[in-house]
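# Structural overview for review
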Amino acid sequence: MKNEKEIFEKFQFKGNLIDYRIFGSGHINTTYIVKCDDNGKIRKYIVQKINDNVFKNIEDLMDNVFSVTSFLRKKIKENNGDPNRETLHYVKTKDGEKFYKAENGGSYRAYRFVDNSKSYDSVESPEIFGKSGIAFGRFQKYLSDFPAETLNETISNFHNTIWRYENEFVPAIEKDCCNRVKDCREEIDFISARKDDCRKLVDLIEQGKLPLRVTHNDTKLNNVMFDEDTDEAICVIDLDTVMPGLALYDFGDSIRFGANTCDEDEKDVSKVKIDLDYFKSYAQGFLSEAGGSLNQCEIDNLAFSAKLMTLECAMRFLTDYINGDVYFKTAYDNHNLVRAKNQIALVKDMEEKMTQMENIIKSI
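Residues numbered from 1 in each chain as written. Predicted model: local features only at pLDDT ≥ 70, side-chain atom pairs only at ≥ 80, totals over all residues. Heavy atoms only, no water.

## Overview of the nonpolar core
Proteins that are soluble and globular tend to have nonpolar side chains buried together. Definition in use: The criterion is simple. A nonpolar core is a set of buried Ala, Val, Leu, Ile, Met, Phe, Trp, Tyr and Cys residues joined through side-chain atoms within 4.5 Å. Here's how the labels work: a residue is buried when its accessible area is under 20% of the maximum for its type, exposed when over 50%, partly exposed in between, all with a 1.4 Å probe on protein chains only. Here a strand is any run of E in DSSP of at least two residues, a helix any run of H or I of at least four, and the numbering for each starts at the N terminus. By definition in these notes, contact holds between two residues if any of their heavy atoms fall within 4.5 Å.
One finds L201, F251, I255, I274, F279, F286 and M357 to be the most contacted residues of the largest nonpolar core, which totals 78 residues. The element contributing the most residues to this core is helix α2 (residues 58-78), with 9 residues. If sequence neighbours within four positions are ignored, F279 has contacts with F251, I255, A259, I274, A303, M357, I360 and I361. Formed by 24 residues, the second largest nonpolar core is a distinct cluster that contains F169, V202, A340 and V347.

Listed below in structure tokens is the structure:
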């Protein structure tokens, strides 16, 4: 941790720096917790070294983060909330910059630590999952009138499913660089048969029926902070992938991740199902906050979005398997194929239960 102290002291922290250490278990950015003594009051901050191998344009990323969190703070105040706990509060450098570029080339950013908070790495109950739905629904509600088109697209075509199909999936099959297509023909045929599903939401955008909104794009449970005492959802964190998109993308990916009865690399696909109790709990939480800000076309496609995001994920895993496992980290041979089979099984179960899922949305 050589020279970190000098870097931390570049930020507009209140008080004198008294302690710092590595914090958390993230796999992308390196995170530190920093403590300062402000006339006897201990203030805690988070400092992160941003992984510039993953995030190529840090200026655009930090512009998005500051724009969104500044807007959220105003909305929270208007709703008599606590902006210091209900959204991240980023801290500029002493030179007024949004992040610090170190001499060694590393880029660092800082924000206030959310006191008396915790997170969950796994979905332990429908109730907890539902509370995360409240958090992401409130995120959508507060940002419903934010001009999403002003945000930078930090990852191009991230959830453009038909683009991924035509420009990544099909070329991988045609090239077959690792001679693996013969081992996954059934999975290829399954995804190919659903090409029209891949274009559905993009077509609705072009028809003007689905509005561009601010989307989080990484709506896992561990990106919600919960109050240590009350277990209520406080705020949404990890805003690195915030950019223009569809509210449906965030809802669908939450369901894909949280309502699956198994981990996404479970080999026994007979165990893979969508748990409708978890689906209902999340949908109730999400719509209790965001329902009034969504249009009818968005609401009508919530259930479908869960299927689409799962299908997209299956396609991405299968594409990477065909290409020789060059994108996703794998723990063993065929890991990406196992993941693809798992997500395909979840799509199949969603298709069988789609009417029930749609009726759940209607009942809410």
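## Thoughts on the pattern of salt bridges
Test applied: By salt bridge we mean one thing: a side-chain nitrogen of Lys or Arg within 4 Å of a carboxyl oxygen of Asp or Glu.
A complete count under the given rule lists 24 salt bridges for this structure. Here D240 and R109 are joined by a salt bridge, their closest N and O atoms 2.8 Å apart. Taken together, the positions of D240 in the loop between β10 (233-236) and β11 (243-245) and R109 in strand β6 (residues 107-112) put the pair 131 residues apart, joining distant regions of the chain. For the pair D240 and R109, one class covers both residues: buried. The structure contains a network of salt bridges with shared partners spanning R194, D197, K307 and E351.

## Topic: the packing of helix α9 (residues 276-290) against helix α12 (residues 335-363)
Applied cut-off: Convention adopted: a line fitted to C-alpha atoms gives each axis, helices being fitted over their contacting stretch, and angles between N-to-C directions are expressed from 0 to 180 degrees. For classification purposes, an angle smaller than 35 degrees is called roughly parallel, one larger than 145 roughly antiparallel, one from 65 to 115 roughly perpendicular, and anything else oblique. By the definition used in this description, the sense in which the near helix is turned from the far one sets the handedness, with an anticlockwise turn below a right angle giving left-handed and a clockwise turn giving right-handed. All residues other than Ala, Val, Leu, Ile, Met, Phe, Trp, Tyr, Cys, Pro, Asp, Glu, Lys and Arg, Gly among them, are scored as polar; the first ten of these are nonpolar and the last four charged.
Contact pair α9 / α12: the axes reach a minimum separation of 10 Å and the direction vectors enclose 30 degrees. In terms of their interaxial angle, α9 and α12 are classed as roughly parallel. The way α9 lies across α12 gives a crossing that is right-handed. Two secondary-structure elements touch here, α9 through L276, F279, K280, A283 and L287 and α12 through K353, Q356, M357, I360 and I361. Among the residues forming the contact of α9 with α12, the class breakdown is 7 nonpolar, 1 polar and 2 charged.

## Things to note about helix α11 (residues 302-323)
The condition is simple: To estimate the expected span of a helix, count its residues, drop one, and scale the result by 1.5 Å.
Between its terminal C-alpha atoms α11 stretches 32 Å, which fits the 32 Å expected from 22 residues at 1.5 Å a residue. Positioned one or two residues after α11, G324 has a phi angle of 100 degrees, which is positive.

## A look at α2
In this model α2 runs 30 Å from its N-terminal to its C-terminal C-alpha over 21 residues, within 8% of the 30 Å that 1.5 Å per residue would give. Directly after α2, the chain includes N80, whose backbone phi takes a positive value near 60 degrees.

## Describing the state of the cysteines
Test applied: The disulfide criterion used throughout: a pair of cysteine sulfur atoms within 2.5 Å.
By the definition in use, this model includes 0 disulfides. As a non-bridged cysteine, C262 has C313 as the owner of its nearest cysteine sulfur, 15 Å distant. The exposure class of C262 is buried, given its relative accessible area of 14%. In this structure C313 is not part of a disulfide, and its nearest cysteine sulfur, from C198, lies 13 Å away. Assessed through its relative accessible area of 11%, C313 is described here as buried.

## Side note on the packing of aromatic side chains
Stated formally: When two rings of Phe, Tyr or Trp (its six-membered ring) have centres within 6.5 Å they constitute a pair, described as stacked for plane angles under 30 degrees, edge-to-face for angles over 60, and tilted for the intermediate range.
Under the defined criterion, the tally for this structure stands at 18 aromatic pairs. With a centroid separation of 5.1 Å and an interplanar angle of 80 degrees, the aromatic rings of Y120 and F226 are classed as edge-to-face. Pair noted here: Y120 is in the loop between β7 (117-118) and α4 (126-142) and F226 is in strand β9 (residues 224-227), with a separation of 106 residues, a long-range link. Accessibility assignment for this pair places Y120 and F226 in one class, buried. Here F129 and Y278 contribute two aromatic rings whose centre-to-centre distance is 6.2 Å and whose plane-to-plane angle is 45 degrees, an arrangement assigned as tilted. With F129 in helix α4 and Y278 in helix α9, this pair connects stretches of sequence that are 149 residues apart. For the pair formed by F129 and Y278, the shared burial category is buried.

Just geometry here; none of it tells us what the structure is for.
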